[in-house]
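Observations on chain architecture
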Amino acid sequence: PGRAKRLLVSQLFQPFNLQAGDEPGWEGRAGEPTCRSQKLMLQGGLIYPSSPGCYYYLPPTVRAMEKLVKVVDGEMQAVGGQKLNMPSLSSAELWRASGRWDGVGPELFRLADRHGKGYCLGPTHEEAVTELVAAQSNLSYKQLPLRLYQVTRKFRDEPKPRFGLLRSREFYMKDMYTFDASEEAARQTYDLVCDAYRGLFDRLGLPFVKVRAATGSIGGTVSHEFQLPADVGEDRLVLCPDGHFAANVETLNRERMSCPTCGEKLTQTRGIEVGHTFYLGTKYSSVSNAVFYSPKNKPQLAEMGCYGLGITRILAASIEVLSTEDSIRWPSLIAPYQLCFIPPKRGSKEEEEGVTLLERVYDNLAEALPHLAGDLVLDDRTQLTIGKRLKDAHKLGYPYVVIAGKRVCEDPPVFEVWNQNAGEVLFLTKEGVIELLSKVQVP
């Protein structure tokens, strides 16, 4: 009683296909363009295709996603975010009122209920949240700023879904909508949320750039994207080498060659958009009449902003930019599991002693560091060599691997410990392993 049940690799629902990387067409339809993250996630049993642009997220991916959402929750709540959940079904009337039912075009998944009433599956929720706030008929300036956010499935009828979770039809997004009493206050909120996004990507160790962006079908007057530079990125970016200027090429009227601040030649790169921020003004609040009462008790339209983070896209993009061609590397904070234990091969002379000692380290670790108890996995496939299991562990990107090898029979027993992200191998006693892992952070 009280002891955590050991997680065994043989019992995890993670259908590895670690050998399948080079078989033609195995990513889905033959000839479909693929990228590193898609290949690695399919091979590692992280996702499984269901239909074009739709995937099963398998248990390790859900673990990583839940960790990421915890980190995002922390950042959003630190800026006064309150979490809610809005319906995925949005009425056509709402979207017609804002002009987006026709404006967004065929990317909307549209459907009708049995009474012939039209709906769309929400790709974003500006209309819905503004309607909700407008329904609070006696909202006072004292209740502002209001910063409401959710993490939900979103739907977009992509003409060409590709690159796995980087460009899919069904995905998870964190979307925050803010309501302020004045333009000045709304712009302060804008800067505050942008700083929270910066903090988030820094904590994940992701090399992002914040660039000026077009407002597109969302609207508003100011917009920025948070981009991870990557060859497979769909956006073309121009950057000042000294960091004074960065923009998505689509925002520039003509090909700008030099930085407007320092005159340096701009460099071009491609990026994966992982976050997008918009200052909306009263575009939506004026349609739904989302008002608050001023100190003089006069109704005034709320000034709005909206802020998106692609949750599943951040997972795939981080694998895209951090991994090697054949081995996943996670931001260590959100790796599905922190540590894989590899006992000796069945029939080896270290087997009996090694298995017992390694299981003891597992149990001692779970006891000493209870926050890591669910993050430990034991690779019990002892019919395979240690080398084969270590290779699999490298490919799957566990930040730490602890092996009971030849030195486990020494006195005191010594374990081989791989610190994947630092690229180093250590030889440690049980106490040394616990000491090393005590520094590991999980959300």
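Residues numbered from 1 in each chain as written. Predicted model: local features only at pLDDT ≥ 70, side-chain atom pairs only at ≥ 80, totals over all residues. Heavy atoms only, no water.

**Some remarks on the UniProt feature "domain: Aminoacyl-transfer RNA synthetases class-II family profile" (unreviewed entry) in the protein**
When the UniProt feature table is mapped onto this chain, "domain: Aminoacyl-transfer RNA synthetases class-II family profile" (unreviewed entry) is found at residues 66-331. From the first C-alpha to the last, residues 66-331 spans 14 Å; its make-up is 27% helix and 31% strand. (UniProt positions renumbered as here; feature names shortened; annotations may be inferred. Helix = DSSP H or I, 4+ residues; strand = E, 2+ residues; numbered from the N terminus.)

**Observations regarding empty space enclosed by the protein**
According to the stated counting rule, one finds two cavities of 30 Å³ or more in the structure shown. In this model, the largest cavity occupies a volume close to 80 Å³. Lining of the largest cavity is provided by Gln14, Leu46, Pro60, Trp330, Pro336, Tyr337, Leu396, Gly397 and Tyr398. Class assignment for the residues of the lining of the largest cavity results in seven nonpolar, two polar and no charged. Size it by volume and the second largest cavity reaches roughly 40 Å³. (1 Å grid on protein atoms, 1.4 Å probe; cavity = no way out; pocket = protein on both sides within 12 Å on 5 of 7 lines; lining within 4 Å. Points joined across faces, edges and corners; volume = space filled by probe spheres on them. Nonpolar A, V, L, I, M, F, W, Y, C, P; charged D, E, K, R; others polar.)

**Some words on the domain arrangement of the protein**
Here the protein is partitioned into domain 1 (9-18 + 337-438) and domain 2 (60-322). Domain 1 and domain 2 are separated by 41 Å when their C-alpha centres are compared. (Domains from an automatic or database assignment.)

**Quick look at the environment of Leu315**
On the secondary structure map, Leu315 appears in helix α8 (residues 311-322). For Leu315, a relative accessible area of 0% translates into the label buried. Along the chain, Leu315 and Leu166 lie 149 residues apart, while their C-alpha atoms are 8.9 Å from each other. Not counting the four nearest positions on each side in its chain, Leu315 is found in contact with Thr61, Ala64, Met65, Leu68, Trp330 and Ile334. (Buried < 20%, exposed > 50% of the residue type's maximum accessible area, 1.4 Å probe, protein only. Contact = heavy atoms within 4.5 Å.)

**Notes on the layout of surface pockets**
Quantified by volume, the largest pocket comes out at close to 1,100 Å³. If you trace the largest pocket, you find 45 residues lining it, with Arg156, Arg167, Glu273, His276 and Arg313 closest to the centre. Secondary-structure elements contributing two or more residues to the lining of the largest pocket are β9 (170-180), β14 (267-281), β17 (303-310) and α8. No other element matches the seven residues that β14 contributes to the lining of the largest pocket. Of the residues that constitute the lining of the largest pocket, the class distribution is 20 nonpolar, 12 polar and 13 charged.

**Describing the pairing of strand β12 (residues 235-239)**
Working note: regular strand, side chains alternate between the two faces of the sheet. Counting buried positions along β12 yields four of five residues, so the element is predominantly enclosed. In this sheet, β14 lies alongside β12 in antiparallel orientation, the contact comprising five bridges. Across the sheet, the residue bridging to Leu239 is Thr267, located in β14. Examined bridge by bridge, β12 and strand β13 (residues 246-248) share three bridges and lie antiparallel to one another. By the bridge assignment for β13, Leu239 is matched with Ala246. The antiparallel hairpin formed by β12 and β13 contains six residues in its connecting segment, where Gly243 sits at a positive phi of about 80 degrees. (Pairing = 2+ DSSP bridges.)

**Let's talk about the packing of helix α9 (residues 351-368) against helix α11 (residues 430-437)**
At their nearest, the axes of α9 and α11 sit 10 Å apart, and the two run at 40 degrees to each other. Considering their axes alone, α9 and α11 lie oblique with respect to each other. The two elements α9 and α11 cross, and the hand of that crossing is right-handed. Contacts from Val361, Asn364, Leu365 and Ala368 of α9 reach α11 at Lys430, Val433, Ile434 and Leu437. For the contact of α9 with α11, the residue count by class is six nonpolar, one polar and one charged. (Axes fitted to C-alpha atoms, helices over the stretch in contact; angles between N-to-C directions. Parallel < 35°, antiparallel > 145°, perpendicular 65-115°, else oblique. Left-handed = near helix turned anticlockwise from the far one by under 90°.)

**Comments concerning the packing of aromatic side chains**
On inspection of all chains with the given rule, the structure shows eight aromatic pairs. Measuring from centroid to centroid gives 5.9 Å for Tyr190 and Tyr307, while their planes differ by 50 degrees, and the two rings are tilted. With a gap of 117 residues between them, Tyr190 in helix α6 (residues 183-204) and Tyr307 in strand β17 connect regions that are remote in the sequence. Look at Tyr190 and you get buried, because its relative accessible area is 5%. Each member of the aromatic cluster is reached from another via a ring pair, and the members are Tyr197, Phe201, Phe208 and Phe226. (Phe/Tyr/Trp six-rings, centres within 6.5 Å; stacked < 30°, edge-to-face > 60°.)

**Thoughts on the pattern of salt bridges**
Taken as a whole and judged by the stated rule, the model has 26 salt bridges. With its nearest N and O atoms 2.5 Å apart, the salt bridge here joins Lys67 to Asp375. Remark: Asp375 occurs in the loop between α9 and β19 (376-378) and Lys67 occurs in helix α2 (residues 59-78); sequence separation between them is 308 residues. Among the residues examined, Lys67 registers a relative accessible area of 9% and is labelled buried. Residue Lys83 pairs with Asp73 through a salt bridge whose shortest N-O separation is 3.1 Å. Here Lys83, found in strand β4 (residues 82-83), pairs with Asp73, found in helix α2; they are 10 residues apart in sequence, far enough to count as distant. The class for Asp73 is buried, based on a relative accessible area of 15%. Here the salt bridges share partners, and the residues they tie into one network are Glu107, Arg156, Glu158, Arg162, Arg167 and Glu234. (Salt bridge = Lys/Arg side-chain N within 4 Å of Asp/Glu carboxyl O.)

**Considerations on the pairing of strand β21 (residues 415-419)**
Burial of β21 is one-sided: the residues Phe415, Val417 and Asn419 facing one way are buried, the residues Glu416 and Trp418 facing the other way are not. Alignment of strand β20 (residues 400-403) against β21, held across four bridges, turns out to be antiparallel. Within β21, the residue paired with Val402 across the bridge is Val417. When β21 meets strand β22 (residues 424-428), the two strands line up antiparallel, connected through five bridges. Residue Val417 lies in a different strand from β22, and its bridge partner there is Leu426.

**Details of the sheet that holds β20**
Read from one edge to the other, the open sheet built from six strands follows the order β1-β19-β18-β20-β21-β22, with strand pairing classed as mixed. The sheet terminates laterally at β1 (7-8) and β22, the two strands that pair on one side only. In this structure, strand β18 (residues 339-342) lies alongside β19, joined through three bridges in parallel fashion. Directly across from Phe341, in β19, lies its bridge partner Leu378. Packed on one face of the sheet, α9 meets β1, β18, β19, β20 and β21 and runs near 165 degrees to β19.

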